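Given next are the chains, with one letter for each unit.
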Amino acid sequence: MEWTRNRSEEDLVEWTRADGYVTIRRRRRADGGWVVRLDRLYQAPEGSGYRRERVDDVESAERLVEAWKDEHGAAEEQSST
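Below you will find a few notes about this structure. Computed from a prediction, not measured in an experiment: that's the story for all the values here.

## Description of the sheet that holds strand S4 (residues 34–40)
Then, number 1: Read from one edge of the open sheet, 5 strands run S1-S2-S3-S4-S5, paired in antiparallel fashion. Of all the strands in the sheet, the pair left with one neighbour each is strand S1 (3–9) and strand S5 (49–55). In this sheet, neighbouring strand axes are inclined to one another by 10° on average, regardless of whether the strands run parallel or antiparallel.
Then, number 2: Looking at chain direction, S4 and S5 are connected through 7 bridges and run antiparallel. Each residue of the ladder has a partner; that of Val36, found in S5, is Glu53.

## Regarding the side chain of Thr23
Then, number 1: Mapped onto the elements, Thr23 comes out in strand S3 (residues 22–28).
Then, number 2: The class of Thr23 is buried, set by a relative accessible area of 16%.
Then, number 3: Only 2.8 Å separates the side chain of Thr23 from the side chain of Arg37, close enough to count as a polar contact.

## Describing the environment of Val36
Then, number 1: With respect to the helices and strands, the residue Val36 is situated in strand S4.
Then, number 2: Counting along the chain gives 31 residues from Val36 to Arg5, while the straight-line C-alpha distance between them is 14 Å.
Then, number 3: Discounting chain neighbours no more than four positions away, the residues touching Val36 are Ile24, Arg25, Arg26, Arg51, Arg52, Glu53, Ala61, Leu64, Val65 and Trp68.

About the criteria used
Residues numbered from 1 in each chain as written. Predicted model: local features only at pLDDT ≥ 70, side-chain atom pairs only at ≥ 80, totals over all residues. Heavy atoms only, no water. Pairing = 2+ DSSP bridges. Helix = DSSP H or I, 4+ residues; strand = E, 2+ residues; numbered from the N terminus. Axes fitted to C-alpha atoms, helices over the stretch in contact; angles between N-to-C directions. Buried < 20%, exposed > 50% of the residue type's maximum accessible area, 1.4 Å probe, protein only. Polar contact = N/O pair within 3.5 Å; in protein donor to acceptor, adjacent residues only side chain to side chain. Contact = heavy atoms within 4.5 Å.

Here is the structure:
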């Protein structure tokens, strides 16, 4: 399933899954670290969910975002077939 970047600021980027049920956000913390969070709505075919992880650098945050996009895009595609 496709993801769209719907918010992009210097220290915060958010993506929304094509069906609108899941968002992933990457933001810089005041201490220079990063937080990545996934928020899946109750109405999503695979049910609600929330994850939040802290990482030390933007590269780790980007890897986490990509992994979650792969994981949570595939789950939706499988439930719709």
